[in-house]
Amino acid sequence: GAVIADRAFNAECYLAAKQGLGQPNFESPKVTWEASNPNIQTVRDGGRVVEYKVTRRASEQPGDAAFGFSEYERVADAGSEGVLGGVPSIQARRIEARFRWQPT
């Protein structure tokens, strides 16, 4: 079968480290993500709610020593009032990553 990265776990670990918490705990932001709907990820941090929706994704086939990917996202930030608090701030974001490894 295929390998699916747990984007919620990865995002929680990243956000906890960014806040200096070391690892996710009850104080760190909570991330909701489902493999059945992989393009949407919701982050709740206190009263703030931010939704990330991947609108375009590209990846290259892994080569002998590297591969890369690119994602375009729509970021809807509902702020501290949550999803019922009014019009969210909408932004666009592009993520590019390249991974290399030593062939064995």
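Residues numbered from 1 in each chain as written. Predicted model: local features only at pLDDT ≥ 70, side-chain atom pairs only at ≥ 80, totals over all residues. Heavy atoms only, no water.

Some words on the side chain of Gln41
Rule in force here: A run of DSSP states H or I qualifies as a helix once it reaches four residues; a run of E qualifies as a strand once it reaches two. Both are numbered from the N-terminal end. Every residue pair with non-hydrogen atoms within 4.5 Å of one another is taken to be in contact.
When you line up the elements, Gln41 lands in strand E2 (residues 37–45). Setting aside its immediate chain neighbours within four residues, Gln41 contacts Arg7, Ala8, Ala11, Val31, Thr32, Trp33, Val50, Glu51 and Tyr52.

Observations concerning the sheet that holds E2
Note the cut-off: What makes two strands pair is DSSP finding at least two bridges between them. Convention adopted: a line fitted to C-alpha atoms gives each axis, helices being fitted over their contacting stretch, and angles between N-to-C directions are expressed from 0 to 180 degrees.
Read across the open sheet, the five strands follow the order E1-E2-E3-E4-E5; overall the sheet is antiparallel. The open sheet has two free edges, formed respectively by strand E1 (30–34) and strand E5 (89–100), since each of these has just one partner strand. Going across the sheet, the axis of each strand differs from the next one's by a mean of 25°, ignoring polarity. Where E2 and strand E3 (residues 48–59) come together, six bridges link them in antiparallel fashion. From the neighbouring strand, Ile40 faces E3, where its bridge partner is Lys53. The sheet strands contacting helix H1 (residues 7–18) are E1, E2, E3 and strand E4 (66–79), and the helix crosses E1 at an angle near 160°.

Some remarks on the layout of surface pockets
Basically, it comes down to this: Points on a 1 Å grid over protein atoms alone make up a cavity when a 1.4 Å probe fits among them but cannot get out, and a pocket when they form an open set with protein on both sides within 12 Å along at least five of seven lines; lining residues each have an atom within 4 Å of a point. Grid points are joined across faces, edges and corners, and a volume is the space filled by probe spheres set on the points. Only Asp, Glu, Lys and Arg are considered charged in this grouping, and only Ala, Val, Leu, Ile, Met, Phe, Trp, Tyr, Cys and Pro are considered nonpolar; every other residue, Gly among them, is considered polar.
Taken as a whole, the largest pocket holds about 1200 Å³ of empty space. Residue lining of the largest pocket: 37 residues in total, with Arg7, Gln41, Glu71, Glu73 and Ile95 positioned closest to the centre. Listing elements by their share of the lining of the largest pocket, those giving two or more residues are H1, E2, E3, E4 and E5. Of the residues that constitute the lining of the largest pocket, the class distribution is 20 nonpolar, seven polar and ten charged.

What about the pattern of salt bridges?
Stated formally: Just to be clear on terms, a salt bridge is a Lys or Arg side-chain nitrogen sitting within 4 Å of an Asp or Glu carboxyl oxygen. Categorising residues by exposure relies on relative accessible area from a 1.4 Å probe, with only protein chains included: less than 20% of the type maximum marks a residue as buried, more than 50% marks it as exposed, and the intermediate range marks it as partly exposed.
Within the structure shown, the criterion is met by seven salt bridges. A salt bridge links Arg98 to Glu60; the shortest N-O distance between them is 2.6 Å. You can see Arg98 sitting in strand E5 and its partner Glu60 sitting in the loop between E3 and E4, a full 38 residues away along the chain. What makes Glu60 partly exposed here is its relative accessible area of 37%. With a closest N to O distance of 2.7 Å, Arg93 and Glu73 form a salt bridge. Here Glu73 lies in strand E4 and Arg93 lies in strand E5, a separation of 20 residues in the sequence. Each of Arg7, Arg57 and Glu71 takes part in one network of salt bridges that share partners.

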